[in-house]
Amino acid sequence: MVGYAFMGAAHSQAWRTVNRVFDLPARARMALICGRDTTKVADAADRLGWDAYTTDWRDLINRDDIDVIDVCTPGDSHAEIALAALAAGKHVLCEKPLANTVAEARAMTAAAELARAAGVRSMCGFNYRRVPAVAMMRQLVADGRLGVIRHVRATYLQDWIVDPQFPLVWRLQKDRAGSGALGDIGAHIIDLTQFVTGQRISGVSAVTETFVKERPLPAESSGLAATVDGHTAPTGPVTVDDAAVFVARLDGGALATYEASRFATGRKNALRVEINGSLGSVIFDLERLNELEFYDATRPSVEQGFSRILVTEGEHPYMSAWWPPGHIIGYEHSFTHEMRDFIEAVATGVDPTPSFADALQVQLVLDAVTRSAELGSSWTEVEPALIAAAV
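Definitions and cut-offs
- Residues numbered from 1 in each chain as written.
- Predicted model: local features only at pLDDT ≥ 70, side-chain atom pairs only at ≥ 80, totals over all residues.
- Heavy atoms only, no water.
- Helix = DSSP H or I, 4+ residues; strand = E, 2+ residues; numbered from the N terminus.
- Contact = heavy atoms within 4.5 Å.
- Polar contact = N/O pair within 3.5 Å; in protein donor to acceptor, adjacent residues only side chain to side chain.
- Buried < 20%, exposed > 50% of the residue type's maximum accessible area, 1.4 Å probe, protein only.
- Salt bridge = Lys/Arg side-chain N within 4 Å of Asp/Glu carboxyl O.
- Core = buried A, V, L, I, M, F, W, Y, C linked by side-chain atoms within 4.5 Å.
- Pairing = 2+ DSSP bridges.
- Axes fitted to C-alpha atoms, helices over the stretch in contact; angles between N-to-C directions.
- Parallel < 35°, antiparallel > 145°, perpendicular 65-115°, else oblique.
- Left-handed = near helix turned anticlockwise from the far one by under 90°.
- Nonpolar A, V, L, I, M, F, W, Y, C, P; charged D, E, K, R; others polar.
- Phe/Tyr/Trp six-rings, centres within 6.5 Å; stacked < 30°, edge-to-face > 60°.

Some details on the environment of Ser 205
Point 1. Here Ser 205 is to be found in strand 7 (residues 201-209).
Point 2. C-alpha of Ser 205 to C-alpha of Glu 381: the two residues are 176 residues apart in sequence and 9.0 Å apart in space.
Point 3. Discounting residues that sit within four places of it in the chain, Ser 205 has contacts with Val 245, Phe 246, Val 247, Ser 372, Ser 377, Ser 378 and Trp 379.
Point 4. Within polar-contact distance, the side chain of Ser 205 engages the backbone oxygen of Ser 377 at 2.5 Å.

Some details on the environment of Gln 139
Point 1. Looking at the element boundaries, Gln 139 is found in helix 6 (residues 132-142).
Point 2. Residue Gln 139 is classed as partly exposed on the basis of its relative accessible area of 39%.

Concerning the pattern of salt bridges
Point 1. Counted under the stated rule, the structure contains 27 salt bridges.
Point 2. Of the charged contacts, one joins Asp 51 and Arg 29 as a salt bridge, the two residues approaching to 3.2 Å between their closest N and O atoms. With Asp 51 in the loop between helix 2 (38-48) and strand 2 (52-54) and Arg 29 in the loop between helix 1 (6-21) and strand 1 (32-34), this residue pair connects regions lying 22 residues apart in the sequence. Both residues of the pair, Asp 51 and Arg 29, count as exposed.
Point 3. For the salt bridge of Asp 76 with Arg 176, the shortest nitrogen-to-oxygen distance reads 3.0 Å. You can see Asp 76 sitting in the loop between strand 3 (68-71) and helix 4 (78-87) and its partner Arg 176 sitting in helix 7 (residues 174-177), a full 100 residues away along the chain.

What to know about the nonpolar core
Point 1. In this structure, Tyr 258, Phe 284 and Leu 292 are the most contacted members of the largest nonpolar core, which totals 82 residues.
Point 2. Counting 25 residues, the second largest nonpolar core, distinct from the first, contains Leu 24, Ile 33, Ile 329 and Ile 343.

Some words on the environment of Ile 61
Point 1. Its location among the elements puts Ile 61 in helix 3 (residues 58-62).
Point 2. Along the sequence, Ile 61 and Val 41 sit 20 residues apart, while their C-alpha atoms lie 18 Å from each other.

So, the sheet that holds strand 4 (residues 91-95)
Point 1. One open sheet accounts for three strands, arranged 3-4-5; its pairing is parallel. With partners counted over all chains shown, the strands left at the sheet margins are strand 3 and strand 5 (122-125), one partner each. Neighbouring strand axes in the sheet, compared pairwise and without regard to direction, differ in orientation by 15° on average.
Point 2. As paired strands, strand 3 and strand 4 are joined by four bridges and run parallel to one another. Considered in strand 4, the bridge of Val 71 is made with Cys 94.

Focus on helix 6
Point 1. Along helix 6, eight of the eleven residues are buried, which leaves the element largely enclosed by surrounding structure.
Point 2. Restricting attention to buried positions, one finds in helix 6 the residues Pro 132, Ala 133, Val 134, Ala 135, Met 136, Met 137, Leu 140 and Val 141.
Point 3. Buried-residue contacts for helix 6 involve strand 6 (149-157), helix 8 (181-197), strand 13 (270-277), strand 14 (280-285), strand 15 (291-296) and helix 9 (331-348).
Point 4. Just beyond helix 6, the residue with positive phi is Gly 144, at close to 80°.

As for the packing of helix 8 against helix 10 (residues 356-374)
Point 1. Taken N-terminus to C-terminus, the directions of helix 8 and helix 10 make an angle of 120°; their axes are 10 Å apart at the nearest point. When the axes of helix 8 and helix 10 are compared, the pair comes out oblique. The crossing of helix 8 and helix 10 is right-handed. Contacts from Leu 182, Gly 183, Ala 187, Ile 190, Asp 191 and Gln 194 of helix 8 reach helix 10 at Gln 361, Val 362, Val 365, Leu 366, Val 369 and Thr 370.
Point 2. Per-class residue counts for the contact of helix 8 with helix 10 are seven nonpolar, four polar and one charged.

Examining the packing of aromatic side chains
Point 1. All told, the structure shown has nine aromatic pairs when counted by the stated rule.
Point 2. Ring centres of Phe 246 and Tyr 258 lie 4.7 Å apart, and the angle between their planes is 10°; this geometry places the pair in the stacked category. Linking Phe 246 in strand 11 (residues 243-250) with Tyr 258 in strand 12 (residues 255-261), this pair joins segments that are twelve residues apart in sequence.
Point 3. Overall, Phe 246 belongs to the buried group, its relative accessible area being 4%.
Point 4. Taking the centre distance of 5.3 Å and the plane angle of 55° together, the rings of Tyr 295 and Phe 306 count as tilted. In this pair, Tyr 295 sits in strand 15 while Phe 306 sits in the loop between strand 15 and strand 16 (307-310), placing the two residues eleven residues apart along the sequence.
Point 5. With relative accessibility at 43%, the residue Phe 306 sits in the partly exposed group.
Point 6. Taken together, the aromatic side chains of Tyr 128, Tyr 156, Tyr 331 and Phe 335 make up a single cluster linked through ring pairs.

Details of the pairing of strand 15
Point 1. In this structure, strand 14 lies alongside strand 15, joined through four bridges in antiparallel fashion. Opposite Val 282, over in strand 15, you have Phe 294 as the bridge partner.
Point 2. A loop of five residues connects strand 14 with strand 15, the two strands running antiparallel in sequence.
Point 3. Note: strand 15 against strand 16, four bridges, orientation antiparallel. Its bridge partner being in strand 16, Phe 294 is matched across the sheet by Ser 307.

Pasting the structure below:
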């Protein structure tokens, strides 16, 4: 695994757990973790359960006893690491969004297609697909319980950078992160709604905003100066969006609205999706991730109303591996389910999902949203996901 911070810790927990919970055709051994800081990565290896550590990700590529490379770094290094790993015949799991640009995502997808012919598998880590309630939501739609999908309503709201004195971390720098709230959390609701409905976003009209345009630099950095509480502190420009809002049309005819913001004061990690169809509606709220709200319009009018489905039965997706009905699971379980599906796909020679091609399509939506916002919210078609024949 490359990276050991937030996503690195989440992925490590999943790799440690997956063999102990699921009966799989292969077992994961946590062989080697990579990070740039020797002291920090050594501590992470010990704390997170890795056999060894290195400060050069190429060491992972060169090890014959390593089959899988798990990329948990900022987006600016995804393409370089993934391309090298695929060329070396390693299976690749890469965090979302797939890359910082459409060009990088296309190159990664083309490389994945070439490697696939040699039996090398790849997957992008949109973990919310693996929440049992979300998988159940998709099943309801696929089974026709909602009828024709008319509306999609999706929001993902956080507030961790509301304070203007919050430092200029990498997620606020376009060259490192690619985009702001749009790519960080907007990518999740784009993928989630397309996954649940089986429809792809075909066009958008968008607006984005950066509310705080200068922020204090981390202590080790230097740059422009500003006065903060009577003291001069170095600052730098925020080069990504703080919030993105857009309307969209899906290729199956549904209309959709999306809002992604890291300036929604009081909202810590509030993801909510509502799907309205001709025969019913369904709602998922991440803050109640073991539940769905379901409205069945085919029932007699005197019995209609939103009902609560507690998604903890053994028959529900993934739940048979866990606890008795009613015993809820949490955020970290979505990553364990992700590793479970990835291992099973690799071990049985099946292509895992979401593929790099699926992630490229999300990248194309992000690009369309950005272009629309730059053009004064003009209607912008999503480019087709044509894959180059060679890298």
